[in-house]
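Descriptive structure summary
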Amino acid sequence: MFWHSRPGNADNNIFLLDDTSQLTYRKFFEIADNLFSSLRRGVVAIICEKDRETVIGYVGALRAGLVPMLLDSTAEEASLLHLIDRYEAEYLWARQDITPDGYEEISRFDNQTLWKRRSPSGAGAISLDLAALIPTSGSTGDPKSVRLSQQNLASVTSCIADYLSLDETRRAISLLPLQYSYGLSVLNSIMEARGSYVITDLSPVQRDFWDLVLVHGVTDFSAVPFVFDTIKRMRFSLEILDQLVCVTQAGGHLSPVVTKHFRTLFAPHGISYFTMYGATEASPRIAYLHPDDAEAKHGSVGKPISIGTVTLEGVVPETSEGELVYHGPNVCLGYATAREDLARGDDFAGILRTGDMARIDGDGFIFITGRLKRFVKIHGVSVNLEHVESVMREGGFDCHLLGQENIISVVSQQDYGEQILHFAKNRFIFHPSVWRSVVVDKIPRTSSDKVDYASLDDMIGRNTHAPG
């Protein structure tokens, strides 16, 4: 397990670095164990920031056989406290300005406090297989969590470290939130390799972020499509390009044009650029596209990781598309919405129905074509909004699509006027009455920078322009 101590000199490697300090694995484990090793098994609610205290809480809980529940610090405090109460967390690891009712302080580390529930005796049982809880809600306060086992975490982490060729010379950076499964997997896999992890809350649009990349010798960074869209016009210095070893992209669909831009930018410098695909329920990796296959299989998310396989269900003969189903030891135990669910066993039995529509070519490469939930009926025809959105964006329109029966709303922050509707009506064969143009001040996003389609749907009653 990546969180266990190792014999020999591996734990003498530098693990965490920030602006003012650095910790070896050995020293880090000592700090974490001093805080958590004496605690009885229970849930540790961790209010996640991009800081070393969050990493200490997460790893310390795993090492002590506790169950870390990773919560988004950007959520309202009332929502956080509701989740903590709903899961009857025995412990809370949080900054000192949070004062939870029913808890008492038992220790501190820098600006972080470890709280213990005063009356935990009524809390429900916890399955011996349960290792961690990752809420699926972002910052909305929805109590739904994914239940992960030690096997889930260990199997996929070893697999990721292997295909990315990670070793102790590699150095990653905390570009992604730690409560986000993709961001957590970056931390886990660098620990597996006994490489280093640079902690910062700087954004890649800030010059200081890239200065930090250079100062600390960062070799690897991982980001979601929104970040790549944001930095595609940035000029990377030769120093940065010569230093980087590996860049990974996951967390949603990235335009093939943008993907090709970064592949073309990085390849001459020997930087491996991986497109990856997964889900929190898969701990979180399902497939990856190796750089050697990127040109020939442009637009694919690659093949399944070595520990898993994929199949298609409900295949439509006309398109050869069906729902992608993943099979592997990294598939989560199931979901939880409250404490009583923590006693449950393995509900998924290694099978994950992803909800993604896909096709698989003759060489075994996966092409994601949309979401089951993002299909809409237009005059009796089932329309893939993911595909239509992709065509609109490649046509030069920075937009996102929502649908209901016989209506497609094209939502953007920029007012394209009649131009966007003209493109849509001429590019697709739907009746002109189908289209709506909606301009919003801001596209809502989750804490992991994915488009929040549920919130966007709530917004589109305003400023709607139908074709005349």
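The preceding data block contains the structure.
Since this is a predicted model, take the numbers as computed values, not measurements.

1. As for the sheet that holds strand β16 (residues 303-304)
The sheet built from five strands is open, its strands ordered β12-β13-β14-β15-β16 with mixed pairing. Of all the strands in the sheet, the pair left with one neighbour each is β12 (220-223) and β16. Here four bridges tie strand β13 (residues 246-249) to strand β14 (residues 272-278), and the two strands are oriented parallel to one another. What sits directly across from Val247, in β14, is Tyr273. In the packing of helix α4 (residues 150-163) onto the sheet, contacts are made with β14 and β15 (285-289), and the angle to β15 comes to roughly 10°.

2. Focus on the state of the cysteines
Under the counting rule described, the total for this entry stands at zero disulfides. Free of any disulfide, Cys48 has its nearest cysteine sulfur in Cys332, 18 Å distant.

3. Brief notes about the packing of aromatic side chains
By the definition in use, this model includes 25 aromatic pairs. Here Tyr163 and Phe274 contribute two aromatic rings whose centre-to-centre distance is 6.0 Å and whose plane-to-plane angle is 45°, an arrangement assigned as tilted. Note that Tyr163 is positioned in helix α4 and Phe274 in strand β14, a separation of 111 residues in sequence. The burial state of Tyr163 is the same as that of Phe274; both residues are buried.

4. What about the nonpolar core?
As a rule of thumb, soluble globular proteins bury nonpolar side chains together. Among the nonpolar cores identified, the biggest contains 98 residues, and Tyr58, Tyr197 and Phe221 are the most heavily contacted of them. Ranked by residue count, the leading element in this core is helix α1 (residues 25-36), at seven residues. Tyr58 has contacts with Phe2, Ile46, Pro68, Leu70, Leu153, Leu184, Leu187 and Asn188, leaving out every residue within four places of it along the chain. Membership of the second largest hydrophobic core comes to 23 residues, among which are Ala89, Leu92, Ala94 and Trp115.

5. Thoughts on the pairing of β13
Covered by surrounding structure in β13 are Cys246 and Thr248 together with Val247 and Gln249, the residues of both alternating faces. Bridging between β12 and β13 involves four bridges; their strand directions are parallel. Each bridged residue has a counterpart across the sheet, and for Ser222 the counterpart in β13 is Thr248. Note on the crossover from β13 through helix α9 (residues 256-266) to β14: the handedness is right-handed.

Rules used in this analysis
Residues numbered from 1 in each chain as written. Predicted model: local features only at pLDDT ≥ 70, side-chain atom pairs only at ≥ 80, totals over all residues. Heavy atoms only, no water. Pairing = 2+ DSSP bridges. Helix = DSSP H or I, 4+ residues; strand = E, 2+ residues; numbered from the N terminus. Contact = heavy atoms within 4.5 Å. Axes fitted to C-alpha atoms, helices over the stretch in contact; angles between N-to-C directions. Disulfide = S-S within 2.5 Å. Phe/Tyr/Trp six-rings, centres within 6.5 Å; stacked < 30°, edge-to-face > 60°. Buried < 20%, exposed > 50% of the residue type's maximum accessible area, 1.4 Å probe, protein only. Core = buried A, V, L, I, M, F, W, Y, C linked by side-chain atoms within 4.5 Å. Right-handed = clockwise from strand over helix to strand, strands pointing away.

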